[in-house]
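# Reading the structure
What follows is each chain in one-letter form.
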Amino acid sequence: METSEKVLQELLETVDVLRVIAMKGRSEVRHFAFYMVAFGLYTAFNIFSDLLIGRAFWVPTLYLAFFGATAPIAGPLPALILWGIAGALAWVVARAVPFTGWILAAILLTAAGGIIATYGIALRRGRLEGMPPLRTALAPKVGWAWGVIIGGMAMLATGLGPASLPSGAITALWGYAIGIALFVSGILLPLFFPLGVLSAFGVPFLALFAGRPDLAFALEGALGLVMAAAGLRELHRIDGQ
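Summary of the structure given here. (Residues numbered from 1 in each chain as written. Predicted model: local features only at pLDDT ≥ 70, side-chain atom pairs only at ≥ 80, totals over all residues. Heavy atoms only, no water.)

## Some words on the packing of aromatic side chains
In total, this model carries 10 aromatic pairs according to the counting rule given. Here the aromatic residues Y35, F39, Y42, W58, Y63, F66 and W83 are joined through ring pairs into a cluster of three or more. (Phe/Tyr/Trp six-rings, centres within 6.5 Å; stacked < 30°, edge-to-face > 60°.)

Spelled out as structure tokens, the structure:
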């Protein structure tokens, strides 16, 4: 009888541990979903704006995307102040030194600084409770992967310049970079595994082999919408539990 009670107690403790792990996993996915919604909409808006009116707003709306992704984490007002300052600093550099390399450096540095400051505020305000420790959390590592891949791709595209590449090459390269980032994101949301494959192979195929960089560009925009929809679905699922 005593042995049975001991086994039952161990089983209950195991269930409690599994429940805690599941809760931490949901908190990470929820955290990640805010980024997918914000940057999915950011990508879709700029791509379809470029296709429809011939003009995109990649740099100004970048800081709006960061605000949308981090406002639930640090709070709306601190996030608004931080990303307002970051955007203003990038604008000052762009006006003072109208050189593409310096502008890109300013964007990358203000984005990195804004993220560090955002999480510093969130940590001090106790808004990261329920998240796993940094050494075991997956969401920050996936976020870092996005930053490295997209930041490196921006530097590569800026350094190459469109004049030295065949038509559609930059679109193909962006599709490949986003595809790799999406594939890495599949660790948190399995749907992103096939989306990553579609972007990494489908966009270069349309841009270079099929000779339709416009369709390749539109596919990237559609993937942005799917990213946002997947993030919204996860937020609704998690918050509804």
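Having seen it, we continue.
## Examining the layout of surface pockets
In this structure, the second largest pocket spans a volume of roughly 200 Å³. What lines the second largest pocket is a set of 11 residues, among which S27, R30, H31, R127 and M131 lie closest to the centre. (1 Å grid on protein atoms, 1.4 Å probe; cavity = no way out; pocket = protein on both sides within 12 Å on 5 of 7 lines; lining within 4 Å. Points joined across faces, edges and corners; volume = space filled by probe spheres on them.)

## Quick word on helix α4 (residues 100-124)
Between its first and last C-alpha, α4 extends 36 Å over 25 residues, near the 36 Å set by a 1.5 Å rise per residue. Of all the residues in α4, the buried ones are L104, A106, I107, T110, A111, G114, T118, I121 and A122. Residues of α4 that are buried make contact with α2 (58-74), α3 (76-96) and α5 (139-160). (Helix = DSSP H or I, 4+ residues; strand = E, 2+ residues; numbered from the N terminus. Expected span 1.5 Å × (residues − 1). Buried < 20%, exposed > 50% of the residue type's maximum accessible area, 1.4 Å probe, protein only. Contact = heavy atoms within 4.5 Å.)

## Some thoughts on the side chain of T110
Mapped onto the elements, T110 comes out in helix α4. T110 gets classed as buried once you look at its relative accessible area, which sits at 13%. Engagement of the side chain of T110 in a polar contact is seen with the backbone oxygen of A106, the distance being 2.7 Å. Residue contacts for T110: discarding those within four places in its chain leaves Y63, W83, A86, L89 and A90. (Polar contact = N/O pair within 3.5 Å; in protein donor to acceptor, adjacent residues only side chain to side chain.)

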